Amino acid sequence: MEEIEIIKPDDWHVHFRDNEIMQAVVPETTRHFARAIVMPNLIPPILNGKQAIQYKERIKNATPKNHKFEPLMTLYLTEETNKTALKQAYIKGDVFAVKLYPAGATTNSDSGVKDIKKIMPVLETMAEVGMPLLIHGEVTDKDVDIFDREKVFIDQKLDFICNKLPELKITLEHITTSESVSYVREANKNLGASITPHHLSLNRNAIFFGGIRPHNYCLPILKREVHRKSLIEAATSGNPKFFLGTDTAPHLTIDKESDCGCAGVFNTTYCLPILAQIFDNEKSINKLEDFVSKNGARHYNLIFNKETIKLIKLDNKLIFKNYIGIKKEKIKIFQPNFSIFWTVADKLL
Ligand code: NCD
Ligand code: ZN
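Below: a short report on this structure. No experiment lies behind these values; they were computed from the predicted model shown.

1. Structural notes on the overall build of the protein chain
A count of helical and extended segments in the protein chain gives eleven helices and 13 strands. Relative to a compact globule of 349 residues, whose C-alpha radius of gyration would be 20 Å, the protein chain shows 19 Å and is just as compact. Overall, the protein chain is about 55 × 45 × 40 Å in size when its C-alpha atoms are taken along their principal axes. Every one of the 349 residues in the protein chain was classed for burial, and the buried ones make up 59%. For the protein chain, the proportion of contacts with a sequence separation of at least 24, taken over those separated by at least 6, is 74%.

If you want it as structure tokens, here you go:
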């Protein structure tokens, strides 16, 4: 039987939400991941150190006792963010990074940033103290085609920030295009990028396969096959600039299967088996550990985790659960359109 042992992975981009959904989804992450960067786009968003500490406590309370897990908290950047308070919260260790959502770009981003120039003083302070900036890299201009919004963001916004503040640690999150791969590859060492399992698994046809597929709708939206190939190449290359950020984004099925369905894919449950299959298909299983366990830690100047996990190759394809239950509702678990023959040898199930 083929098996590999790797350093326990980290997830550099998760949405845990709050209340019942949080209770249900946190263990799905903490079972296999040692650390995760937690997104602040709650309603209302996490805006200061105090709210971050309280949210972290709620996440810890939702973590099963036998799971060792460290949530890394983020603040939601607005044009009103106070740079002195931000610096203090970072230095005290209450928050790990800041998240920039262009206003209106995605789920719960209404209080995001409209004018990048207004946040430059805050970004300067972050560069000074070494605090990372996490970016949802899409413009929100309704005249820009939804499939082009990431590329236009790089040209119009990211390039400006990178040139002004080359010493700022930046993550271009959940990249989806070959343009992003090239831009990040060629940028200085302070710019890295996370990649999701769903953007590695599917191209945009999956949104319309036989009918409209709301569970494959996420932002940034899935792109053409040529872009997926480019993401696969980046992820399996071992290049330390590219690492896993699942962007696991749970929404109840009633909110997705709707006249105006929410963006987001809940992909934590089978994330590692799916990635193992993708890397195996590319004959790059030996690069999986870099992508899921090492490159993110390198980017954020953190130590590698001490624990390890084992992944096993099965003779028969993995049978997926379709949903996790939330009271009387449920959340659809992401499933790619190809078979998976890997699983995590799980001590904690
Ligand atoms: C995320 C969510 O639901 O919070 N949705 C998504 O499609 N990825 C927000 C985000 O990260 O864009
Ligand atoms: Zn996200």
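2. Some thoughts on the nonpolar core
Ranked by internal contacts, the top residues of the largest apolar core, which has 96 residues, are Leu-123, Leu-158 and Leu-288. Leaving out residues up to four positions away in the same chain, Leu-288 has contacts with Ile-4, Ile-6, Leu-275, Ala-276, Phe-279, Ser-293 and Leu-311.

3. What to know about the site of ligand 1
Neighbouring residues of ligand 1: 15 residues in total, closest Arg-17, Thr-106, Leu-219, Asp-247 and His-251. Here an oxygen atom of ligand 1 sits 2.8 Å away from a polar atom, N or O, in the side chain of Asn-41. Contact distances for ligand 1 include 3.1 Å between an oxygen atom and a backbone N or O atom of Ala-263. The fraction of the free accessible surface of ligand 1 (310 Å²) that becomes covered by protein chains is 100%. Of the residues in the shell around ligand 1, the class split is four nonpolar, nine polar and two charged.

4. So, the packing of helix H6 (residues 178–186) against helix H8 (residues 225–236)
Put simply, H6 and H8 touch, their axes get as near as 8 Å, and they point 30 degrees apart. Where H6 abuts H8, its residues Ser-178, Glu-179, Val-181 and Arg-185 lie against His-227, Ser-230, Leu-231, Glu-233 and Ala-234. For the contact of H6 with H8, the class distribution of residues is three nonpolar, three polar and three charged.

Quick notes on the rules
Residues numbered from 1 in each chain as written. Chains lettered and ligands numbered in written order. Predicted model: local features only at pLDDT ≥ 70, side-chain atom pairs only at ≥ 80, totals over all residues. Heavy atoms only, no water. Helix = DSSP H or I, 4+ residues; strand = E, 2+ residues; numbered from the N terminus. Rg over C-alpha atoms; globule rule 2.2 N^0.38 Å. Buried < 20%, exposed > 50% of the residue type's maximum accessible area, 1.4 Å probe, protein only. Contact = heavy atoms within 4.5 Å. Core = buried A, V, L, I, M, F, W, Y, C linked by side-chain atoms within 4.5 Å. Near = heavy atom within 4 Å. Polar contact = N/O pair within 3.5 Å; in protein donor to acceptor, adjacent residues only side chain to side chain. Areas by Shrake-Rupley, 256 points an atom, 1.4 Å probe, with all protein chains shown as cover. Nonpolar A, V, L, I, M, F, W, Y, C, P; charged D, E, K, R; others polar. Axes fitted to C-alpha atoms, helices over the stretch in contact; angles between N-to-C directions.

Without other data, these values stay purely geometric and don't point to any function.
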